[in-house]
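# An overview of the molecular structure
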Amino acid sequence: MTPSERQLERERYRRHRARNRGAVAVVSTLVVLGGLVFLVAQSPGWPRVRETYFNVGDARAVLPDVAKAFWLNIRLFLVAEVFILVVAVTVAIIRVVPAPALAPIKLLATIYTDVFRGTPTILVVFLIGFGVPALGLAGLPTSLFWLGVIALTLSYGAYVAEVLRAGILSVHPTQWASGRALGLSYGQTMRHVILPQAVRRVAPPLLNDFVSLQKDTALLSTIGLVEALRVAQVDSGRTFAFTGYVVAAAFFIVATIPLARFTDYLTVRSLRRENGI
Amino acid sequence: MLRAESVRKSFGAHEVLKGVSLQVSEGEVVCLIGASGSGKSTLLRCLNLLEQVDDGDIWFDDREITDPRIDVDDVRRQIGIVFQAYNLFPHLSVEQNIVLGPVRSRGESREAAHSRALTLLDRVGLAGRAGAYPDALSGGQQQRVALVRAIAMQPRLLLLDEITSALDPMLIGEVLDVIRDLRREGMTIVMATHEMPFAREVADRILFMADGQVVESGPPEQLFTAPRDPRTAEFLARHRG
């Protein structure tokens, strides 16, 4: 079917308007960015700053070492993330289950979230990284890698548990009723009806926490793990400049972008499915 | 099949059910009518153990299901309920909504549950929508899926809680057709409804509730044409318009 003359005219106008808007966006972006670059480059201290922070030679020299060390950050992140999810789901569920028999465990779960959400992550890292080996107990891990993973898990487990708990509580009670009315047990309703909806709802804040976790793997440099930030620090001590830090920062930024796009993709996909678009 | 005796239920200081008794036999269709707030929904939720009664007994076959030692999941497998607001699971497709109960709760095989889901969807005219998500369906379609979800559990008793109240008049008919079919097949049904002509058509017995009590019950012809209680007469007069 051929569209009517009026419809063709409307579409011509819409294309024209879209082109105009696109042009305005491009020009204004160029003006703003160009202005900023110009301003910075014109500043009296720019040559010094460029030499200290953006030295291409230094960057090239330190890049392989930082890259190798960053692989440790990635491994820390991936391993900690799995443990965090397990801890968080467990704690969140314990806190919402209305079983009186669980009262002591619920109390423990509440204390855990209160304490670890309130303690600065770097303190947890110190406590676990130096405190646990100092106990000298047999069977406790002594590898810095695992101590680091434990510290991050304790700290982030509490955050993520609270995010998940909020998600669980936000699912409407009628969903519980429908699940239970089908003869599903409490656990089955939680697993198949409530949790999937809760996780979908809190996916953006959850991923936000994981981006933050990715960066906080750098805190583990303080207990002696030679990860990207530590390598940059060493390099900085050698060159008396900060280009190494900038290189390390670039790695962190680049690593978080896929995670952010992945969140966007998940959100759009579930919206699309559930709204039948 | 089902017998409730002097069931009481309060929410806070508000007593919603003030000693309601009810009997339903196998294959019977019982309609609950009455103004909003008269306790119809609460009664249905009590029968399905979604609400705990404060007093009184409910018997299903020879089991007292108000006994706290009873396996509530087993009772709910046999007593299905459909809600006014459909309450489909938004994160699952139509087909997944339907097979969840049979597979997880009744322990059926995926294949068996799947093929019955498709047969039932076909019967309610939704054969093509098995893969759709609830929010993509109209209200009438969602409510038919909710009915199928309940029926797929092969319950012995079906409770319907004002299932057409959220639908516009165009869509009510398609849902009522499904109930007519179920009745023809001999399903035992207790339904709360505001559709008076429909209640009169399908019910074997009608219970009129007011203020948390059953005021009057009887066969539809008698209750509609010669109500004994003045409150029934007044309610019916208002609903005839």
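Residues numbered from 1 in each chain as written. Chains lettered and ligands numbered in written order. Predicted model: local features only at pLDDT ≥ 70, side-chain atom pairs only at ≥ 80, totals over all residues.

In this section: the sheet that holds strand β1 (residues 2–11) of chain B. Residue and element names in this part refer to chain B. If you trace the four strands from one edge of the open sheet to the other, you get β2-β1-β4-β5, paired in antiparallel fashion. Of all the strands in the sheet, the pair left with one neighbour each is β2 (14–24) and β5 (63–64). As judged from the two bridges shared by strand β4 (residues 55–60) and β5, these two strands associate in the antiparallel manner. Bridging from a neighbouring strand, F60 pairs with R63 of β5. (Pairing = 2+ DSSP bridges. Helix = DSSP H or I, 4+ residues; strand = E, 2+ residues; numbered from the N terminus.)

A few words now on the interface of chain A and chain B. Of the residues lining the interface, 20 residues belong to chain A; the matching set on chain B comes to 21 residues. Of all the secondary structure elements, the ones that give two or more residues to the side of chain A that touches chain B are α7 (173–181), α8 (186–216) and α10 (243–275) of chain A. A class-by-class count of the residues in the side of chain A that touches chain B yields six nonpolar, ten polar and four charged. (Contact = placed C-beta atoms within 7 Å. Nonpolar A, V, L, I, M, F, W, Y, C, P; charged D, E, K, R; others polar.)

The pairing of strands in a sheet comes from backbone hydrogen bonds and takes either a parallel or an antiparallel form. All names here are of chain B. On the basis of which strands lie adjacent, the open sheet formed by six strands has the order β6-β7-β8-β3-β9-β10 and mixed pairing. Each edge of the open sheet carries a strand with a single partner, namely β6 (79–82) and β10 (213–218). For this sheet, the mean inter-axis angle between neighbouring strands, taken without regard to orientation, is 20°. Lying over the sheet, helix α1 (residues 40–47) contacts β3 (29–33), β6, β7 (157–161), β8 (188–192) and β9 (205–210), oriented at roughly 145° with respect to β8. (Axes fitted to C-alpha atoms, helices over the stretch in contact; angles between N-to-C directions.)

Before going further, it helps to examine the confidence of the model for chain A. Per-residue confidence for chain A gives a mean pLDDT of 90; residues scoring 70 or more make up 99%. Taking the mean pLDDT of every element in chain A, the minimum, 84, falls on α10(A) and the maximum, 95, on helix α6 (residues 144–170) of chain A. (pLDDT = per-residue confidence, 0-100.)

Moving on to the environment of T164(B). All names here are of chain B. Mapped onto the elements of the fold, T164 is located in the loop between β7 and α6 (169–184). A residue is classified by how many C-beta atoms lie within 10 Å of it, and T164, with 24 of them, is buried. As for T164 and Q84, which are separated by 80 residues in sequence, their C-alpha atoms are 6.7 Å apart. What T164 contacts, discounting residues up to four positions off in sequence, is I172, V175, L176 and E195. (Buried ≥ 20, exposed ≤ 12 C-beta atoms within 10 Å, placed from the backbone.)

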